[in-house]
Amino acid sequence: MRAHLAILLLPVLLTTSRLAGGSPPPDPVSCALDGTSDCTVTNTYGSFPDRTICRAANATFPTTEAELVAAVAAAAAARRKVKVATSHSHSFPKLACPGGRDGTIISTARLNRTVVVDVSRRLLTVESGMLLRDLVKVAADAGLALPHSPYWYGLTVGGMLATGAHGSSLWGKGSAVHEYAVGIRIVTPAPASQGFAVVRELNAGDPDLDAVKVSLGVLGVISQVTFELQPQFKRSVTFVTRDDKDMPAQLAVWGGLHEFGDVAWLPWQGKAIYREDNRVATSTPGNGLNNYLGFWSQPTQGLLTARAAEERLEENDTDIARCLAAQQAPAMFELHAYGFTNDDAFFTGYPVVGFQHRIQASGTCIDGHDDALLSACMWDPRVSGPFFYQSGFSVAMAKVPAFAADMQRLRDLDPQAFCGVDAKLGVLMRYVKASSAYLGKAEDSLDFDVTYYRSYSGGGAPRAHADVYDELEQMALGKYGALPHWGKNRNFAFDGAIAKYPKAAEFRKVKDRYDPEGIFSSEWSDQVLGIKGSPNVVGAGCAIEGLCVCSDDSHCAPEQGYLCRPGKVYTKARVCRFERTRLVDEL
């Protein structure tokens, strides 16, 4: 889940105080009356990139490793495809979809316990379904800290490892959670002579660990993870908003200046929000808390109102109105210090100093009790409130200044085209260190997260200025060789991406050993890993949904004036651009 999530026009946040927590999100796995058969699985947003419904013959919810082994064995014996689902399923792509109606879903929602805490060795072993929220609390209770994590604490341990989830840092081992995993127990298929399933135990120094700690879920089901932690520490956080003129140069050095630093770019406003975030002594006064505004529970009526307003702006295609509205969320978030407080209740000024487990992540909208959906997380699919695309990609640090300058050039051609980005609190940029993981980052990189409007329309409706967002992403992936985030992005971003990973062949060798029958593989994972087929879905309107890069006008929406055209800065890009005169001529 992207850290800086906001929605266009937040009337709720503008007028009401914090809610303690509303109805938690629904389970992504839903089955028929018996609770285990004729199932569907989705993500937390209620829709995969291609909007298809993912079905499975059955689902299991193991509570112990023995039950997990039995579930894998049963599926392997029957040669059923298997995919793992987590308690909230925050991955945008179809990681949890086994494909077809005959597969099995294994949910790790009930594998969420602490196995052992070894304070003297600073080791913590937990089950793979434990939420980040609970992991950091268990560590803190033992006087320990997970050094880095994503900013949303509704992710599970297994989910974070499967997708390479991270925070922001180039220091030490870097910001990816998997860099702190020193032991993993994983259940994989096996021959009948071994009971159809085995538990493999991997420890530091085992070369297979570099395959398993970022695996996309295609190697088996992770049962337990052992993390190497650090003594508890405090952080000091200050947000500084500046003009973006020197942003390309600043991005090159900011990660070296601040251990947990990140940057958010508001392109239309020409501003950059720099996070000065560093480790400080535990004796430093302060008991600050990160309770990020975008992760508060909100009254559902307010979410519906906000979405309706956003849709009206899209339909009216009025840049002035859209841009005026886009100023509101960033201004309000800045006024309220993004939800940071100095003492659990009030923000009294920067810096905000607090213990690591209180600063590193938040997500209070999942903490409440069911209130009949009077309030919910902003993205809860039952509400039909905010609905959006999420694109994430990492550019090697050596190329960051040039890419940032190109982003600014694209912005300067039509600043109002970027108002939709400002409305979602801009492009969030986080630092990620090079990893030994076969599917991790090969170089020190800067990750760019872009969140923008998505239509509820079943076939996908064109977005205002869709061409600039698509050109930005194609420029990153094509011109600058960016790597797509495994847990985000639409289909086209993964086309050919595996060729950018120098150790992809080693990963596939481990996959062939662990799961030679491809029990944990799917059509989607085979496409993404370059084994068979392409993730592109080519057809009428496919580029509107990001299922392809257009090569023909029919891939856009020519009947609405959206035609396939070259990019304006990156001319090799092919994007769906609105041309009013052509539409008038055709009409």
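Residues numbered from 1 in each chain as written. Predicted model: local features only at pLDDT ≥ 70, side-chain atom pairs only at ≥ 80, totals over all residues. Heavy atoms only, no water.

(A) Structural context of the overall build of the protein. Broken down by element type, the protein carries 16 helices and 26 strands. A globule of 587 residues ought to have a C-alpha radius of gyration of about 25 Å, and the protein, at 23 Å, matches this closely. Considered along the principal axes of its C-alpha atoms, the protein spans approximately 70 × 60 × 50 Å. Buried positions account for 61% of the 587 residues belonging to the protein. Pairs at least 24 residues apart make up 73% of the contacts formed inside the protein by residues separated by at least 6 positions. Entry remark: accessible area of the protein is about 20900 Å², with carbon and sulfur atoms responsible for 53%. Charged side chains of the protein number 58 positive and 63 negative; the gap between the two group centres comes to 3 Å. (Helix = DSSP H or I, 4+ residues; strand = E, 2+ residues; numbered from the N terminus. Rg over C-alpha atoms; globule rule 2.2 N^0.38 Å. Buried < 20%, exposed > 50% of the residue type's maximum accessible area, 1.4 Å probe, protein only. Contact = heavy atoms within 4.5 Å. Areas by Shrake-Rupley, 256 points an atom, 1.4 Å probe, with all protein chains shown as cover. Lys, Arg positive; Asp, Glu negative; His and termini not counted. Charge placed at Lys NZ, Arg CZ, Asp CG, Glu CD.)

(B) Highlighting the pattern of salt bridges. Applying the stated rule across the entire model yields 38 salt bridges. Here Asp277 makes a salt bridge to Arg275, at a shortest N to O gap of 2.9 Å. Comparing Asp277 with Arg275 shows no difference in burial state: the two are buried. Among the charged side chains, a salt-bridge network with shared partners connects Arg235, Asp262, Arg275 and Asp277. (Salt bridge = Lys/Arg side-chain N within 4 Å of Asp/Glu carboxyl O.)

(C) Structural context of the UniProt feature "domain: FAD-binding PCMH-type" (unreviewed entry) in the protein. Within this structure's numbering, the places UniProt gives as "domain: FAD-binding PCMH-type" (unreviewed entry) are residues 52-232. In this annotation, residues 52-232 is assigned 19% helix and 29% strand; the end-to-end C-alpha distance for the span is 44 Å. (UniProt positions renumbered as here; feature names shortened; annotations may be inferred.)

(D) Representation of the sheet that holds strand 2 (residues 37-41) in the model. The strand order 1-2-3-5-4 describes an open sheet built from 5 strands, whose pairing is mixed. Looking at the sheet topology across the chains shown, the edges are occupied by strand 1 (29-30) and strand 4 (82-85). Here strand 3 (residues 54-60) pairs with strand 5 (residues 104-107) via 3 bridges, running parallel. The partner of Ala59 across the bridge, within strand 5, is Ile105. Its contacts with the sheet put helix 2 (residues 65-77) on strand 3, strand 4 and strand 5, and the angle it makes with strand 5 is roughly 170°. (Pairing = 2+ DSSP bridges. Axes fitted to C-alpha atoms, helices over the stretch in contact; angles between N-to-C directions.)

(E) The arrangement of helix 2 in detail. Under the 1.5 Å per step criterion, the end-to-end length of helix 2 is 18 Å for 13 residues, consistent within 8% with the ideal 18 Å. When we look at burial in helix 2, the residues that qualify are Glu65, Leu68, Ala71, Val72, Ala73, Ala75 and Ala76. At its buried positions, helix 2 is contacted by strand 3, strand 4, strand 5, strand 9 (181-189), strand 10 (197-203) and strand 11 (221-228). Phi for Arg79, located one or two positions after helix 2, is positive at around 55°. (Expected span 1.5 Å × (residues − 1).)

(F) Spatial organisation of the packing of aromatic side chains. Within the structure shown, the criterion is met by 26 aromatic pairs. Pairing Phe295 with Trp379 gives two aromatic rings, centres 6.1 Å apart and planes at 90°, and the pair type is edge-to-face. Placement of the pair is Phe295 in the loop between strand 16 (289-290) and strand 17 (298-299) and Trp379 in the loop between strand 20 (375-376) and strand 21 (388-396), with a sequence separation of 84 residues. Of the two residues examined, Phe295 and Trp379, each falls in the buried class. (Phe/Tyr/Trp six-rings, centres within 6.5 Å; stacked < 30°, edge-to-face > 60°.)

(G) Molecular detail of the side chain of Ser435. Mapped onto the elements, Ser435 comes out in the loop between strand 22 (427-432) and strand 23 (445-453). Not counting residues within four places of it along the chain, the set of residues in contact with Ser435 comprises His178, Glu179, Gly440 and Lys441.

(H) Quick peek at the sheet that holds strand 9. The strand order 6-7-11-9-10 describes an open sheet built from 5 strands, whose pairing is antiparallel. Two strands bound the open sheet, and with one partner strand each, they are strand 6 (114-118) and strand 10. With strand direction ignored, the average angle separating the axes of adjacent strands in the sheet is 10°. Of the pairings in the sheet, the one linking strand 9 to strand 11 comprises 6 bridges and is antiparallel in character. Bridge pairing in strand 11 places Ala181 opposite Phe227.

(I) The arrangement of the packing of helix 8 (residues 319-326) against helix 9 (residues 328-335) in detail. Helix 9 packs onto helix 8 with a crossing angle of 10° between their chain directions and a minimal axis gap of 5 Å. One finds that helix 8 runs roughly parallel with respect to helix 9. Contacts between helix 8 and helix 9 involve Leu324, Ala325 and Ala326 from the first element and Gln328, Ala329 and Pro330 from the second. Residues belonging to the contact of helix 8 with helix 9 are distributed by class as follows: 5 nonpolar, 1 polar and no charged. (Parallel < 35°, antiparallel > 145°, perpendicular 65-115°, else oblique. Nonpolar A, V, L, I, M, F, W, Y, C, P; charged D, E, K, R; others polar.)

(J) Helix 14 (residues 504-514), seen in detail. Within helix 14 the residues assigned to the buried category are Ala504, Phe507, Val510, Lys511 and Tyr514. For helix 14, the arc enclosing every buried residue in end-on projection is 120°, short of the 170-degree limit, so these residues lie on one face. Buried residues along helix 14 sit in contact with strand 9, strand 10 and helix 5 (209-212). (Arc of directions from axis to C-beta.)

(K) Region of interest: the nonpolar core. Core analysis: the largest hydrophobic core is formed by 119 residues, its most contacted members being Phe227, Phe393 and Phe403. The dominant element in this core, judged by the number of residues it contributes, is helix 13 (residues 466-479), at 6 residues. When sequence neighbours within four positions are dropped, the list of residues in contact with Phe403 reads Phe393, Val395, Phe448, Leu472, Met475, Ala476 and Tyr480. (Core = buried A, V, L, I, M, F, W, Y, C linked by side-chain atoms within 4.5 Å.)

(L) A look at unusual backbone geometry. With an omega of 0°, the peptide bond between Tyr350 and Pro351 qualifies as cis. Residues other than glycine seldom take positive phi values, yet Arg51 does so here, at roughly 65°. By secondary structure assignment, the location of Arg51 is in the loop between strand 2 and strand 3. Since its relative accessible area comes to 19%, Arg51 is described here as buried. Even without glycine at this site, Asn489 takes up a positive phi of about 80°.

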